[in-house]
Amino acid sequence: MKIAVIGQSLFGQEVYSHLRKEGHEIVGVFTVPDKDGKADPLGLEAEKDGVPVFKFPRWRVKGQALPDVVAKYQALGAELNVLPFCSQFIPMEIISAPRHGSIIYHPSLLPRHRGASAINWTLIHGDKKGGFTVFWADDGLDTGDLLLQKECEIFPDDTVSTLYNRFLFPEGIKGMVQAVHLIAEGKAPRLSQPEEGATYEGIQKKENAKINWDQPAEAIHNWIRGNDKVPGAWTEACGQKLTFFNSTLNTAGLAAEGEALPIPGAHRPGVVTKAGLLLFGNDDRMLLVKNIQMEDGKMIPASRFFKGAADSALELTEEELATAEAVRNVWQRILPNVLEVEDSTDFFKSGAASVDVVRLLEEVKELCDGLELENEDVYMATSFGDFIQLLVRKLRGEDEDELVIDYVEKSVNKLTVRIPHQLFIGGKFVDAEDSKTYETINPTDGSAICQVSLAQLADVDKAVAAAKDAFENGLWGKINARDRGRLLYRLADLMEQHQEELATIEALDAGAVYTLALKTHVGMSVQTFRYFAGWCDKIQGSTIPINQARPNRNLTFTKKEPIGVCGIIIPWNYPLMMLSWKTAACLAAGNTVVIKPAQVTPLTALKFAELTVKAGIPKGVVNILPGSGSRVGQRLSEHPDVRKIGFTGSTEVGKLIMKSCALSNLKKVSLELGGKSPLIIFADCDLNKAVQMGMSSVFFNKGENCIAAGRLFVEDSIHDLFVQKVVEEVKKMKIGDPLDRSTNHGPQNHHAHLKKLIEYCQRGVEEGATLVYGGKQVPRPGFFFEPTVLTNVEDHMFVAKEESFGPIMLISRFADGDMDTMLSRANATEFGLASGVFTRDINKALYVSDKLQAGTVFINTYNKTDVAAPFGGFKQSGFGKDLGEAALNEYLRIKTVTFEY
């Protein structure tokens, strides 16, 4: 089809290019005259292709079309006019001339918000839905018949720029091309545009953008974001006109503490804080403005309003000076009318337009190893000298937004521990919906540690949206794999630097013995992130020979790609380590994540969130939601935008999660569930080692260990001696404060679990097991349970079948030499997580390891997991793997690509 394109800007250029790729003949391009000696991108692109370009300053005079303009247009023989972005008034002689007429792009869901400032009014009115319309042009004001509409959700902090970049620009280009396709096929509808719901508020101009303070905070926020970046919402204060940009209602955790900024007409004075300028509506709710433009045009962070002159200039290194000169050359190319770019050269006053901002950012990105600047950065540093200072601060990592954290501080373990206690969503610590909280309890004495934000369903949706946006639109999906690995290495280093604080929090919140927490809870977490950081740039596909399509040939290869948003639900026994096992692999694969820590042990996860920010992990990549499994975990499992769930916990809950994953969107799932791991001890073993490792297999981490030996099978001839030695060793165990360095057995994780263990032992005794040692709560404050030994455990008993998840050793006999019967008993369980065997006979050891139905088999050792070795179970202990290369596959999808040539 022969098409005339009438418009301007990058949007017009993209529509033009896509129409040419679709095979349409562009007979002419009509765009605006050059500005300051610079051609519009649409005209530049068409000239490269040899397409006739016309730059009429006007199309009519006194309401009458100019004859020479009409003649030049008619000579082209266009069958359709496409107006992708057109700021000029086009007379009806042109609009109606083609056989198919004219179609126009409009950035609103017509009939709502007719007029030139439609995007602004969408935000000002607080609309929940926005979008665009392609309509048939008529002589009215955006009143022609509708051809095509697409809608999108409006997020609470959207601005004109974010809405345009996220949806109106990319989807609008596709929409224009789709509309032309429908016309070419004769399938384009003409739907009369209704008058009901139609609005027209006029063009937003600076003089009309003054803020009305006599309204609620949300309305003020909508007014500011609706005028951001153009024309800018303003007020008078401190004897000058101040224009506000980058507004948000997300003020959770911010206190109105700082220097007051009196604003005439405002309900209350503003407050300049470290986070920005807090403003108040007439409902006493707050909003936060992050940037202020002064009357002289200079943009400053709102947090620095009262600081006067900018911080002292940075002294640049030789490498930075070289970068500055390279950037100076970029400015010189963009500003050809400037003879020499000096420190005082102003980007916009020298003739740059908004399209040049995009070009500048892209060229800087190439020069500076992928550094992502925002449009806002250019507006905040318009002179070359200021821009270089900003750029260098970004490169040094000194210009990051300050993370606002409302810490709970504890003086404990000879440290001052600073613990975040709010939800972590989109790179910020925020209160839960309706400010819901709960107490997290110290199991050592039963006291409350602090109030923790309790995530609600709405918070899950916010966190998933943040993770989805970070995956689809953020820096995380754009940086190369090696840079992703570098960030994970940095995170591991920070975890190591904070290991004492993290281990102390594990002791406080989970009852973990401090020395064990240092080595295992935290130590293995650090190792896990380092291990998977090294995998980031080694995730590779393969080439595959397939049958050739003779006489042509084929090339088939596979790519391993991240899945998207992943939900990770972790248990309370190893709060940080379980988080790390799954999250490290998930992030290494390139995904984003929403983590639900166990409700009873949320604090190390929240401290981890703080460290991700310090490591430079982009906003939205990691989100943390303390809350209940039945609400938060269930919502993650059924959320349509979550593409993978990684779960560690009970088999019963695992089944519910698997069902929800199947019914929602058939999301991928990996489950590490319950265990009843058998440990077989033969008479020919090293008995002293078997006793020591047997105790570790049960009592390690207070028995709160998924692979704990749930039942020991001891050969008859050494049974009594084994039990005697075990009891002797158990009596030596010191029960006490987990922060005491001599303690080797701390409190159980929470009170409900303590009660379960007491009832478990009572039931075992009632069924005929012999209580040799322990079985009771320790008579002291807190949730302490005695290390326990039960013998004469028979296969039919409840305790022989069900997991205790506590420090309870269950010992059963087996007849000397009756290996196959013993193996049958060991495998007579629906669980298959781990297992162990002690013997000096290598043939026996390998035979038994072959027969045991478990994901891990330990021989003459126990609990020896490593970050490089896959970990996961069989049967109702779940499927999928943590750790090792195998874990990466849980968070990747394989795509097959086939070429014929």
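One can find the structure itself at the top, above this paragraph.
Note that the coordinates shown come from a computational prediction; the quantities given were computed from them, not determined experimentally.

### With respect to the pattern of salt bridges
- A full pass over the atoms with the stated rule returns 43 salt bridges.
- With a closest N to O distance of 3.2 Å, Glu363 and Arg359 form a salt bridge. Separated by 4 residues within a single helix, Glu363 and Arg359 lie in helix H9 (residues 354–367), roughly one turn from each other.
- A cluster of three or more residues bridged by salt bridges with shared partners is formed by Glu501, Lys607, Glu610 and Lys614.

### Details of the sheet that holds strand E3 (residues 53–54)
- As summarised here, the arrangement of the 7 strands in space is E3-E2-E1-E6-E7-E8-E9, forming an open sheet in which the pairing is mixed. Each edge of the sheet is formed by a strand with only one pairing partner; in this case those strands are E3 and strand E9 (146–153).

### Examining the environment of Leu892
- Mapping Leu892 onto the fold places it in strand E40 (residues 892–900).
- Through-space distance from the C-alpha of Leu892 to that of Ala588 is 9.9 Å; in sequence the pair is 304 residues apart.
- Sequence-distant contacts of Leu892, defined by excluding residues within four places in its chain, comprise Ile539, Lys560, Glu561, Pro562, Ile563, Ala589 and Lys668.

### Considerations on the packing of helix H14 (residues 499–510) against helix H15 (residues 514–533)
- It is at 9 Å that the axes of H14 and H15 come closest, and there the two elements cross at 115°. In terms of orientation, H14 lies roughly perpendicular with respect to H15. Considering the relative orientation of H14 and H15, their crossing is right-handed. Each of Gln499, Glu500, Leu502, Ala503, Thr504 and Glu506 in H14 lies in contact with H15, whose residues at this interface are Tyr514, Ala517, Leu518, His521 and Val522.
- Split by residue class, the contact of H14 with H15 holds 6 nonpolar, 3 polar and 2 charged.

### What to know about empty space enclosed by the protein
- All told, the structure shown has 4 cavities of 30 Å³ or more when counted by the stated rule.
- Size it by volume and the largest cavity reaches roughly 100 Å³.
- The wall of the largest cavity is formed by 17 residues, among which Ala708, Ala709, Gly710, Ser804 and Phe805 lie closest to the centre.
- Contributing elements (two or more residues each) for the lining of the largest cavity: strand E31 (709–715) and strand E34 (808–814).

Procedures and definitions
Residues numbered from 1 in each chain as written. Predicted model: local features only at pLDDT ≥ 70, side-chain atom pairs only at ≥ 80, totals over all residues. Heavy atoms only, no water. Salt bridge = Lys/Arg side-chain N within 4 Å of Asp/Glu carboxyl O. Helix = DSSP H or I, 4+ residues; strand = E, 2+ residues; numbered from the N terminus. Pairing = 2+ DSSP bridges. Contact = heavy atoms within 4.5 Å. Axes fitted to C-alpha atoms, helices over the stretch in contact; angles between N-to-C directions. Parallel < 35°, antiparallel > 145°, perpendicular 65-115°, else oblique. Left-handed = near helix turned anticlockwise from the far one by under 90°. Nonpolar A, V, L, I, M, F, W, Y, C, P; charged D, E, K, R; others polar. 1 Å grid on protein atoms, 1.4 Å probe; cavity = no way out; pocket = protein on both sides within 12 Å on 5 of 7 lines; lining within 4 Å. Points joined across faces, edges and corners; volume = space filled by probe spheres on them.

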